[in-house]
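Inside the fold
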Amino acid sequence: MNLAGKRVWLSGASSGIGEELAKQLAAKGAKLVLSARNEQALEQVKNSLMGQGHVVLPLDLSAAESLLKELPEQLAAIGDIDILINNGGVSQRSLFADTDFATYQQLMAVNYFGTVALTKLVVAQMQARKQGMIVAISSVAGKVGSKFRSGYSGSKYAVVGFMDCIRAELAADGIHCLTVCPGSVQTRIAHNSLNEKGVAQNHSEQSIENGMPVSACVQEIITAIEKQKQEVVIGQGLSYWAPTIKRFFPRLFNRLTARLEYR
Ligand SMILES: NC(=O)c1ccc[n+]([C@@H]2O[C@H](COP(=O)([O-])OP(=O)(O)OC[C@H]3O[C@@H](n4cnc5c(N)ncnc54)[C@H](OP(=O)(O)O)[C@@H]3O)[C@@H](O)[C@H]2O)c1
């Protein structure tokens, strides 16, 4: 797929993978619709992009029902979306036994229901035009579980399942669905991860600092979009190999995850 001139709606565009996606997609000639909560950060990203015609559309993914009511008018003014990238999300670092139920609801609201809502908002116009692409940034945590991430992993597994289903349903309409499962990538994800009370833990972690550089991860995501892949795992080291180890050696994998304090 040639990205030049494509209108791409990108959530989580204010930071990390989303900010870098915006930059690399704009350099390929795409026109971005930049979404996240932090409008000021979105404006800064917009001003840093190559090319013209980018717009900022602030939103809170945790408010899916309001988005479904309020966004159709704004989207109609923007025009047809060629590619939706559901990238906005939040992680978690807390043990199940310690974690408030409300924190589970928060993780599902942002990572899963936010993805479902944005996808609902574009699917009818894509079906009418018999073209389009829906991308979801799930995670290796959407393929394997490990300590401290029961709510995050649950929400990212849900995204993988949702994408598998809509890929099957929308194939006949010419709509392509890509699920991306990154391992550890050097962004603010650890800082922003929720603790047991649903508050950002506000510190980094070695696994993320030693993770893949964000520019390399985004290059692989863009290649997967251009090649219209269906699902890709992107990463390095254990975070890349974990789904394969789990698939072929599940007992070994489960013994490892019970021992590892992977943060
Ligand atoms: N970095 C990794 O190691 C890694 C690995 C696997 C998967 N991922 C996934 O990659 C995606 C991007 O994460 P990142 O690593 O780039 O982390 P990040 O730097 O923390 O960025 C997260 C983005 O999501 C947005 N966001 C968070 N909560 C939101 C909400 N309620 N409403 C709207 N936007 C919201 C944030 O913007 P605002 O704060 O402005 O709203 C920000 O733009 C996430 O889905 C994450 O789960 C990351």
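What you see is a predicted model, and the numbers here were worked out from it, not measured in a lab.

Turning our eyes to something else, we now look at the side chain of Ser184. Locating Ser184 in the fold gives a position in the loop between strand S6 (175-182) and helix H6 (189-192). Beyond its immediate sequence surroundings of up to four residues, Ser184 is in contact with Ser207, Ile208, Gly211, Met212, Ser239 and Tyr262.

Time to look at the site of the ligand. In the vicinity of the ligand lie 31 residues, with Ser15, Arg37, Asn87, Tyr152 and Thr187 positioned nearest. Between the ligand and Lys156 there is a distance of 2.9 Å, counted from an oxygen atom to a side-chain nitrogen or oxygen. Across the complex, the protein chains shield 93% of the 880 Å² of accessible surface that the ligand would expose by itself. Elements with a contribution of two residues or more to the shell around the ligand: helix H1 (16-27), helix H5 (150-170) and H6.

Our next topic: the pairing of strand S1 (residues 7-11). Burial runs high along S1: five of the five residues are buried. Here S1 shows a buried face lined by Arg7, Trp9 and Ser11 and a second buried face lined by Val8 and Leu10. Where S1 and strand S2 (residues 31-35) come together, five bridges link them in parallel fashion. From the neighbouring strand, Leu10 faces S2, where its bridge partner is Leu34. As for the winding sense of the linkage, the β-α-β connection from S1 through H1 to S2 is right-handed.

All right, on to the packing of helix H4 (residues 101-129) against H5 then. Two quantities define a packed helix pair, namely the angle between the helix axes and the distance between the axes. Two numbers describe how H4 lies on H5: the axes approach to 8 Å, and their chain directions differ by 15°. Relative to H5, the element H4 is oriented roughly parallel. Crossing of H4 over H5 shows right-handed handedness. Every residue of H5 that contacts H4 at Tyr104, Leu107, Met108, Asn111, Tyr112, Thr115, Val116, Thr119, Val123 and Gln127 is listed here: Ser150, Gly151, Tyr152, Gly154, Ser155, Lys156, Ala158, Val159, Phe162, Ile166 and Leu170.

Moving on to the sheet that holds strand S5 (residues 132-137). Here we have seven strands laid out as an open sheet, ordered S3-S2-S1-S4-S5-S6-S7, and parallel in their pairing. The open sheet has two edge strands with one neighbour each: strand S3 (55-56) and strand S7 (231-234).

Moving on: the pairing of S7. Across the two faces of S7 the burial differs, with Val232 and Ile234 buried and Glu231 and Val233 not buried at all. Here S6 pairs with S7 via four bridges, running parallel. In the sheet register, Val180 faces S7, and the bridge partner there is Val232.

Quick look at a nonpolar patch on the surface now. Residues Leu238, Phe248, Phe249, Leu252, Leu256 and Leu260 make up a contiguous nonpolar surface patch of roughly 540 Å² in combined accessible area. Of all the elements in the fold, those that place two or more residues in the nonpolar patch are helix H9 (238-248) and helix H10 (250-259).

Helix H8 (residues 214-226) packs onto H1 with a crossing angle of 60° between their chain directions and a minimal axis gap of 9 Å. In terms of their interaxial angle, H1 and H8 are classed as oblique. Judged by the sense of rotation from one axis to the other, the crossing of H1 with H8 is right-handed. Of the residues in H8, those in contact with Gly16, Ile17, Glu20, Leu21, Gln24 and Leu25 of H1 are Val214, Ser215, Cys217, Val218, Gln219, Ile221 and Ile222.

Parameters at a glance
- Residues numbered from 1 in each chain as written.
- Predicted model: local features only at pLDDT ≥ 70, side-chain atom pairs only at ≥ 80, totals over all residues.
- Heavy atoms only, no water.
- Helix = DSSP H or I, 4+ residues; strand = E, 2+ residues; numbered from the N terminus.
- Contact = heavy atoms within 4.5 Å.
- Near = heavy atom within 4 Å.
- Polar contact = N/O pair within 3.5 Å; in protein donor to acceptor, adjacent residues only side chain to side chain.
- Areas by Shrake-Rupley, 256 points an atom, 1.4 Å probe, with all protein chains shown as cover.
- Buried < 20%, exposed > 50% of the residue type's maximum accessible area, 1.4 Å probe, protein only.
- Pairing = 2+ DSSP bridges.
- Right-handed = clockwise from strand over helix to strand, strands pointing away.
- Axes fitted to C-alpha atoms, helices over the stretch in contact; angles between N-to-C directions.
- Parallel < 35°, antiparallel > 145°, perpendicular 65-115°, else oblique.
- Left-handed = near helix turned anticlockwise from the far one by under 90°.
- Patch = residues over 30% accessible without salt bridge, like charges linked within 9 Å, V, L, I, M, F, W, Y side chains within 5 Å.
- Salt bridge = Lys/Arg side-chain N within 4 Å of Asp/Glu carboxyl O.

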